[in-house]
Structures are given as C-alpha cells and as structure tokens.
Amino acid sequence: MGFWFSFSVTLLLSFWATVKCDQIPNGVLHMECHDRSLMIAADLSFTGDEPRFEAVDETGVYPITVQYAAECGYCIRVLPVPDRVELRASYFSCHTNNKDDEVFTFNFNLIATHEGQEVSYALNKTCSPSLPWSPREVTCELNYMEVSVRSDVTCPTGTKPNDWDATVQTAYSGATSDWQVMFQKDDPVPMNLTEAHERGYAFDLTDGRLVFRTPYGQPDSFSTEVNGVPVEVVHATLFSRQSWVVLMVDLVAACSMDEGSYDDSGYMMWQTPEVLHPLVSGQHAMQINTGVNGEPVEQQVAEQRGYIVEKHNNTVQISIPYNAEGGYRKSFVSGDLFEYYVFDLCLEKLFVDGDHVDTRLRFHRTLATPLLPYFLFTVNRTVLEELTFTVYLGDVPEDVELFAVFMNGEEFTVPFMNTSSHTITKVVHPNNTHGYTLKVPFDDPVVIQQFIKEDERLQHRLDINYTLTVLPENQPFYHLASVMALMDVSPPIFDAVCSESGISFRLDHRPYDYLWLITIGSDPLTSELVAQHGYIMSNDSQSLLLEVPLFTHGYEYKEVTLNGFSGTFEILVRDPETFTVQSSTVKTCPFSSTEFIMCSTDGRMTVVADLSLAVPHRGVPARTNLLDKFCGPKETDNTRAFFSFPLNSCGSTVKLGKEYVTYENEIFFSKLSRALKNPADSSTDIDRVIIQCTYPLAGLHRLFSVYRFESDSEGVGSIVHSAHSTEGLISATMEPTTVVQTRVTTRRTRRPVSRRPGYYPAAQHIKVSSFLRNISQKGARGQMQTKVNVLL
C-alpha cells in the first residue's frame, strides 16, 4: 500500500561570525562524490590543528559539533596520515538541497586558523548517486545509523513480527492525525516527532523516500549478540491514524559493533552476522562488496588487493592485509619505533527478503592495527680500496626524517656542513620509504683507528647513532649501528733516486703511515733535524720529499778512490712504542768529485785534494806528503792526490775547544819540488794545503787512547789552500780555546833490544766529560797551555 505524508521539524540554529572569506590554494582541498555520500578532505598544514565545519542553507549557518554531526548525518574525523581532516556527509544529511533524490547540493564553511586568525572558506559541491536507490537502504556510519525506504513499498507478507499486533493495537487506540513514533524496547510509549527530535532522532520525507537517522548509544536502542558478534539495534515504528485507517512504517537499523582484531599472521579482521535483524537482513544474500575510503569494489577486485571474504557459522569475516592498498600508515615512538595502520573499511551487502524487496546494507568502520614493531636496517657497503666507510640506513618510513648523526660520540646535524669530509645523501624509493647513505673517509678524525700488531692489520671503527624524528609530532628515536674495516698494512718504503749532489727520497702518503716513526739513524725525522743537518724536506698531504745532499750527516762511504766513491744513505722505519726497526730504505749511489774530505766516526780522515794551484813547475802530486814526510798519497794523477790516514797519525795536530775538537794536517811538496819552484812566483802560489776534521765534543764517546776513537757522528772536514799561516782557519762556531799540538810520527827508529814475549794491555779510555771539565778549568784560568800525547 502506498502512502504520502509530510512533516516539519523545528531546529535550533546558531550563527557563528567568521573573520572573512577567502580562496583555498590548489592541492590542499579534496572533494569527492561517492555512491551515497560526499567526502571533503583538507590538509591540516593549511587548516591548522583545530579546523571546524559549518553547514549552510537558506535558513542560516549551523556549526557542526560532535552531537550535531551524529544527528544530522555528518561524520568528521582527523586522520594522522595523511595528516588531514575529513568530512563525510550523507546525501540525506541536514541542510542538503535534495532534488528528486537525484541531485544533491552541499554548502559548507571550512574554518581554518592562520597565524592566530580564523578564516572562513566557502565550500560547495553537487553530487548524484552513481547507483540507483534500493527499496531499502541501511547505512552504519562511524557515529550514526541511517535508514531510508522507498515511500511506495507494499505491505510485507508472510510471518508477522511478534510485536506487530501489540503495535497495531497501540497505534489504533492512541493514534491521531499527527505522526507519532514508538521505539520497540521494553514498554514502548508513543511520542510525537518534536519530542523524538529533542531526543536526538531525525525523520525526513523526501520526494520518494522516508529517512530515519539516530546516533549510536541512544536510550531507545539495545545491544545484543548475534553469533557472538555485538550488534546495536534501533526499531522505530512510525504511525498515524486517518479515520479508521492506521498508517504504520517499521524503520529498523541494525549494525555490527565489532571493533576488529589483528591476527599475528598480518591481517586486520572485522566480522558481521549474515542476519543482523529479521527486518534488516534478508535470508538470501546476493552480493558482498568490500573496499576502503568509502568506495566498495567488486569481490574480484578486492581479492586482487589481498582482501579475504569468508563465511563462518553464519558470520561474514573480512580479512585485510595490514599493509594493503588504501590503508593509512603512521609511525609511532614508544621507546623504539612502531607503526600502525588505519583502514576506512566499507562493506556493502546486497540481499533480498521474502517479498523480493532488495536491501542494501553499508558499513563504514575505522579499523586500526595495534602498534607493530618497525625495524630500520643498516648495510655496510664499504669497499676497502676506496678507503671510505659507506653505510646505508634503509627502510625509513615517509613520515620519519633524519635529524642528526652521532659518530663515535660526536654529534653532526643534518645536513652536514660543506666543509666536512663526510657526507650523507637521501635516497627515495617508490614504496613510500627512503634511506640515507653515509660516507666517512678512513682518515677522518672521527674514525677510531687501532693497529693490531699480531695480525699487522689496521682496524677502523665507526659507531653510529642515527637520531630520527617522527613527523609531525617531532618524536625522536635512535637507531644504532657499528661498522668496522680491517686493512692489511705494511711499513712505508721510500723511493730513492741518485743525483750528482746527493740522494732524493720520496714517500707517497698512505692513510696509515702515521703508525710508524721515520728516523735517520736513531733520530726522528723532524723539521728541526732537517735544519740541523742541512737536509731539504717538503711534506704535504700527498707525499714527503727528502733531499739529502752529499757529505751531510748519515752517509756511509765505501770504495773511496781518487776517481770516486759510493755513498749510502739509510732511512729507518721504527715501531714508535718499542723503537724496533720495522723496515728500511737503503740507497747506494756512485759519486765523483774533484776534491773532497771525509771524517769518519772511527777516527779516519780521507782526502782527495786538488793541488793544481800548489803544484810547482814540473812538480807532480805524487811527490807530496803530510806533516809526517813518511805519509804519502795512496793515489795521484796530474793534479790531485788521495790520502787516507787515522786522525792521530801522520803528524796531525789536535785543537780542543769548549764544544769541538779539530784534527789538522797539511799536504806538502818534497824539498826537491820546492827547490824547483820559481822564486819570482812565490808570493802568489799556494804552497800549503791544510786539511781538517772537526767533531763536536758532545758526540764523542772516546778520544784516542790506545788507538780507539768513537763518535756519534761524522766530523766536518775542510780543505784550505793557503800560502800563509793557518791561524784562524777554523769556523767561528768552532773556535778552540785550548790548542793541543802534538806531532805524531808513524815510523820510529828501532834499537837493538833483547827478545821478550809481547803483552797487550786492555784499551784505556778517557771519559769525555771529565776531560772537558779539566780542559775548561785550565782554559778559564789562562795559566797554561797543555800538551797531550794523544798516541802513546
């Protein structure tokens, strides 16, 4: 039986003044028409943390509060991801312009906050259902239940509900021409529609449908369990008496109140009974569609997304993978990093009852997983040959950002400074995650290095503490990682090159060369040592170059002849703790020089002297000798003579100073050569060649005593060509204060003696320190000149 009626509802309206109206920037507002509702979403970055909505129609502006939303068919919620506010409005919501149940026009105000000021933005949208209306539709929203039935539905047949007769009797005896409603719970009492509205219920008659809406938890609703699933039911009977005819409409809303559960296998599950209530769910289900974000899809599409729809004991169970498409993901910090997923589940059931009346039942439910542990990972991608740590931090969610990095306890904020040697790069992946690649050179000061002597390996270690933060709450958490690299290392070895003036040593720096100590003999190679001995050194970040001029400290000379000699120089690499030699670089080069003098550490003077200026007419160097006439040259040529003799022989004289000792001799021509010399040129010819070796007293261990001489370093030699006295020839830095002049002969006249067995006493040593003290005391008093027999 068809019927037609109308009624009016009085609403209490209030007007909220706003500052101004403005235009919304592109990209921050989304409005979509769904099958049975309008969805509006706005980014919180634009609206502020406390956005509000107002409904607008020709009668005024109505703030949408929590209670008003449930009564008028609005659902407002703030989603942490994607960080926005959403409004879902039923096509039959209050203040919506409805034209023939086919065209629905919505008008809202969005109240946003910008810099402490409220700004109002006008929103409007027109929608049309994409699916035809079923004779009966029930919507289970998040905060309300809504039932709409076609106004021309015929009376039901078959078995009557148990309370039907009582309801008819009550309606017939008490009904008036005004419409009344009676809620079937305990002892139902009729009430008029104004009173029902005051209690939070809404009734509306459109061009072709009767709509009933109620918030959850009303006093007239009741909760029950069907197959172990909690269900809330509201059964309202609307009636009016017209003469002897009573018009009655049963409006029943029944919704599953299951909150969902999470299975450890990774599925979010939600369930609803197949039959919620005899007047809501028919016995013959036709189709079940599931989806998310307000749009159900066909079962085949849902299965492709991983959804599972199963029936168990007259219960429909929906299983959704925790990371299925369409869900919202959010990171959360509770000591460690966690995540949870939120699903805006939409389930649609289509079925037919015994009168062949189709019913469409829709559920909107927000399902959330519990906190699930989330694990970041690090991968050590270091290549030893690159001498750089390369560490990748991966699987970082899109709502997590790296704030700082602690490396071996030292903090570096992100992004790193351009001046630092380490870098960090963000890597974005298509699965809504990203990562960070950290590069730190082995020789960076922040890297801890340790030399393992047993294995001859260098260990590099980097302890990393990533400081990350969850947006937009800025919740910090930490991820720890430690990487280590072992390198086979060896002591440094120099490349050496000979030149006419000496030997050059080059060392290309390696990051770990600092583990060893470079020495010349026992002295560390320092800039002070270089200056002291006359070396030339350049040292930069790439290489070390040391030029060792000939005749400087450290050379060892061999195979010395008139025509040349070989010079050997050695650089030692030592363990800085034990001072033991780990490796050495030895270079021997041939040298030749017109004239040179060598003063050895064991007390020997070796001289090649150029006598061309001192050779008289028809004189030859072979006729030369030292102060001792029996000490002649070992080799000669036309202009040069080669002598090699102990310092305490061949008539050498000794000159002792406060800091130095000098041994001196002279090269003379024989008397025959002097007689042949042209007297006219005597004033200009050089007839004396003085040869000297000077040693620092501080480096002497023994002066000559029973043929022994020891010095830490070679002496400094000089060859002086002069026709005058040798007084004052010693360097100003080596001025002697006490002169010891002792002629020492190497040959003695033998006298006849009786034969006796030989006796060789132990060597007698004279300590330098006491000897110096005695000499300096006598020199200070200036009372005497001391003569010492250096060779007994």
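What comes next concerns the included structure. (Residues numbered from 1 in each chain as written. Predicted model: local features only at pLDDT ≥ 70, side-chain atom pairs only at ≥ 80, totals over all residues. Heavy atoms only, no water.)

## What to know about the sheet that holds strand β1 (residues 29-33)
Here is step 1 of the chain: An order of β1-β2-β6-β5 is seen for the four strands of this open sheet, with the pairing classed as antiparallel. Each edge of the open sheet is held by one strand with a lone partner, namely β1 and β5 (74-79). Recorded for the sheet is a direction-independent mean angle of 15 degrees between the axes of neighbouring strands.
Here is step 2 of the chain: As paired elements, strand β2 (residues 37-43) and strand β6 (residues 84-90) share seven bridges and run antiparallel to each other. Looking across to β6, one finds that S37 is bridged to S90. (Pairing = 2+ DSSP bridges. Helix = DSSP H or I, 4+ residues; strand = E, 2+ residues; numbered from the N terminus. Axes fitted to C-alpha atoms, helices over the stretch in contact; angles between N-to-C directions.)

## As for the pattern of salt bridges
Here is step 1 of the chain: Enumeration over the complete set of coordinates arrives at 26 salt bridges.
Here is step 2 of the chain: Two residues, R362 and D35, come together in a salt bridge whose shortest N-O distance is 2.9 Å. In this pair, R362 sits in strand β27 (residues 358-368) while D35 sits in the loop between β1 and β2, placing the two residues 327 residues apart along the sequence. Grouping residues by exposure puts R362 and D35 together as buried. (Salt bridge = Lys/Arg side-chain N within 4 Å of Asp/Glu carboxyl O. Buried < 20%, exposed > 50% of the residue type's maximum accessible area, 1.4 Å probe, protein only.)

## Details of the environment of N192
Here is step 1 of the chain: Relative to the helices and strands, N192 is located in strand β13 (residues 191-192).
Here is step 2 of the chain: The spacing of N192 and L238 is 46 residues in sequence and 9.6 Å in space, taken between C-alpha atoms.
Here is step 3 of the chain: The contacts of N192, once residues within four sequence positions are left out, are W179 and Q180.
Here is step 4 of the chain: From its side chain, N192 meets the backbone nitrogen of T194 in a polar contact 3.2 Å long. (Contact = heavy atoms within 4.5 Å. Polar contact = N/O pair within 3.5 Å; in protein donor to acceptor, adjacent residues only side chain to side chain.)

## Remarks on the nonpolar core
Here is step 1 of the chain: Core analysis: the largest hydrophobic core is formed by 51 residues, its most contacted members being V181, F183, F203, F212, L238, L251 and F363.
Here is step 2 of the chain: Ranked by the residues each element gives to this core, the list is headed by strand β18 (residues 245-256), at seven residues.
Here is step 3 of the chain: Beyond its immediate stretch of four places on either side in the chain, F363 contacts C140, C255, S256, W270, T272, L276, L345, C346, L347 and K349.
Here is step 4 of the chain: Residues L337, V400, F412 and M487 belong to the second largest nonpolar core, which totals 37 residues. (Core = buried A, V, L, I, M, F, W, Y, C linked by side-chain atoms within 4.5 Å.)

## A word on the sheet that holds strand β30 (residues 388-397)
Here is step 1 of the chain: Read across the open sheet, the four strands follow the order β29-β30-β34-β33; overall the sheet is antiparallel. Looking at strand neighbours, the two that pair on one side only are β29 (377-380) and β33 (423-428), the edges of this open sheet. Each neighbouring strand pair of the sheet contributes to a mean axis angle of 20 degrees, computed without reference to strand direction.
Here is step 2 of the chain: As defined by bridge partners, β29 adjoins β30 across four bridges and the pair is classed as antiparallel. Within β30, the residue paired with N380 across the bridge is V391.

## Examining the pairing of strand β53 (residues 660-669)
Here is step 1 of the chain: Within β53, nine of the ten residues are buried, leaving the element largely enclosed by the surrounding structure.
Here is step 2 of the chain: The sheet contact formed by strand β49 (residues 624-625) and β53 spans two bridges and is antiparallel. Pairing of T624 across the sheet is with F669, part of β53.
Here is step 3 of the chain: Hairpin connection from strand β52 (residues 653-657) to β53: two residues lie between these consecutive antiparallel strands.

## Focus: empty space enclosed by the protein
Here is step 1 of the chain: The tally for this structure, following the rule as stated, stands at three cavities of 30 Å³ or more.
Here is step 2 of the chain: Approximately 150 Å³ is the volume found for the largest cavity.
Here is step 3 of the chain: Lining the largest cavity we find 18 residues, and of these R36, S37, S90, T139 and E146 sit closest to its centre.
Here is step 4 of the chain: Counting only elements with at least two residues in the lining of the largest cavity, the list comes to β10 (136-140), β11 (144-150) and β27.
Here is step 5 of the chain: Of all the elements, β11 adds the most residues to the lining of the largest cavity, at four residues.
Here is step 6 of the chain: Residues that form the lining of the largest cavity fall into these classes: five nonpolar, seven polar and six charged. (1 Å grid on protein atoms, 1.4 Å probe; cavity = no way out; pocket = protein on both sides within 12 Å on 5 of 7 lines; lining within 4 Å. Points joined across faces, edges and corners; volume = space filled by probe spheres on them. Nonpolar A, V, L, I, M, F, W, Y, C, P; charged D, E, K, R; others polar.)

## Thoughts on the state of the cysteines
Here is step 1 of the chain: Tallying each qualifying case throughout the model produces six disulfides.
Here is step 2 of the chain: Residue C33 pairs covalently with C127 via a disulfide, S to S 1.9 Å. With the S-S dihedral at roughly -70 degrees, the linkage between C33 and C127 falls on the left-handed side. Residue C33 is located in strand β1, and its partner C127 is located in strand β9 (residues 117-127); the two are separated by 94 residues in the primary sequence.
Here is step 3 of the chain: C127 gets classed as buried once you look at its relative accessible area, which sits at 1%.
Here is step 4 of the chain: Across the disulfide from C498 sits C589; the S-S distance is 1.8 Å. Torsion about the S-S bond of the C498 and C589 cystine: about -80 degrees, corresponding to left-handed handedness. Separated by 91 residues along the polypeptide, C498 in strand β38 (residues 495-498) and C589 in strand β46 (residues 581-591) bring together distant segments of the chain.
Here is step 5 of the chain: Should the bonded cysteines of the protein be numbered as they appear in the sequence, the pairing reads 1-4, 2-3, 5-6, 7-8, 9-12, 10-11. (Disulfide = S-S within 2.5 Å.)

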